[in-house]
Amino acid sequence: MTTILGITGSLRRASTNTGLLRALKEMVPTQVSMEIADLHAIPMFNEDDEATTGKPDRVKALDARIRAADGIVIACPEYNFSVPGVLKNATDWLSRGGSPFRWKRLGIVGAGGGEFVGTARAQYHLRQNLQALQAITMPRPEVFVNHNEEKFDAAGNLTDAETRRHLAKWFEAFLEWVEKRP
Ligand SMILES: Cc1cc2nc3c(=O)[nH]c(=O)nc-3n(C[C@H](O)[C@H](O)[C@H](O)COP(=O)(O)O)c2cc1C
């Protein structure tokens, strides 16, 4: 059994990025299982707190889930042309004391409300962060969903058939990246 952990970079209840992960979960083939993790309740990283109380339990739990998975998918929203603070903050915590992403096969997807680039700028900043965390991020194909207001319903569920087809092709390539380790 291949295990995949999806991590959403949005805390929003009707998040379209969490919706992308739910759509992937619906597509898993029989030999694959997938869980979705969120970043709620992770405190702001502060080296003083780290020195006095260590890693918060919430971070330790996420760290363990990442280590246990064969592959990681991060759904990355774009805030002000970059990675949202909650996601950057989580990767900063996770980088401390040995990154759980080290040599881990990882893929990035993202959905945004923008006209053209569909979170590409944020995804490329995230790729740069993940280099520091020693993840092995799949180079391509890529998923940049734009105009998310037309492609998801009000609850953040993916409704656009073409996007779903593209996502399915991406997932096939990603699972090959994880399972066959090309
Ligand atoms: C603070 C903030 C900054 C944003 N900046 C961008 C941006 O730079 N580019 C973009 O395409 N969308 C931007 N957006 C719109 C988000 O992409 C959109 O709200 C998206 O739905 C967020 O992802 P979610 O649905 O998973 O929560 C921004 C939204 C917020 C709240």
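Quick notes on the rules
- Residues numbered from 1 in each chain as written.
- Predicted model: local features only at pLDDT ≥ 70, side-chain atom pairs only at ≥ 80, totals over all residues.
- Helix = DSSP H or I, 4+ residues; strand = E, 2+ residues; numbered from the N terminus.
- Buried ≥ 20, exposed ≤ 12 C-beta atoms within 10 Å, placed from the backbone.
- Expected span 1.5 Å × (residues − 1).
- Arc of directions from axis to C-beta.

> It is not clear to me how unusual backbone geometry should be interpreted in this structure. Could you clarify?
Leave glycine aside and you will find that most residues have negative phi; peptide bonds, for their part, are mostly trans. In this model, Arg 140 is joined to Pro 141 through a cis peptide bond whose omega is 5°. Secondary-structure assignment places Pro 141 in the loop between strand S5 (136–137) and strand S6 (143–145). Positive phi, normally seen in glycine, also occurs at Trp 103, with a value near 60°. Mapped onto the secondary structure, Trp 103 falls in the loop between helix H4 (85–94) and strand S4 (105–111). Overall, Trp 103 belongs to the exposed group, with 8 C-beta atoms counted inside 10 Å. Of note in this structure, Thr 119 is not a glycine but carries a positive phi near 75°.

> Explanation requested: helix H7 (residues 161–179) in the structure shown.
Each turn of an α-helix holds 3.6 residues, which means side chains three or four residues apart point in the same direction. In this model H7 runs 27 Å from its N-terminal to its C-terminal C-alpha over 19 residues, within 8% of the 27 Å that 1.5 Å per residue would give. Within H7 the residues assigned to the buried category are Thr 163, Leu 167, Trp 170, Phe 171, Phe 174, Leu 175 and Val 178. An end-on view of H7 places all buried positions within 140° of arc, on one side of the element. For H7, exposure combined with an orientation more than 90 degrees from the buried face picks out Ala 161, Glu 162, Arg 165, Lys 169 and Glu 176.

What is shown is where atoms sit, not what they do.
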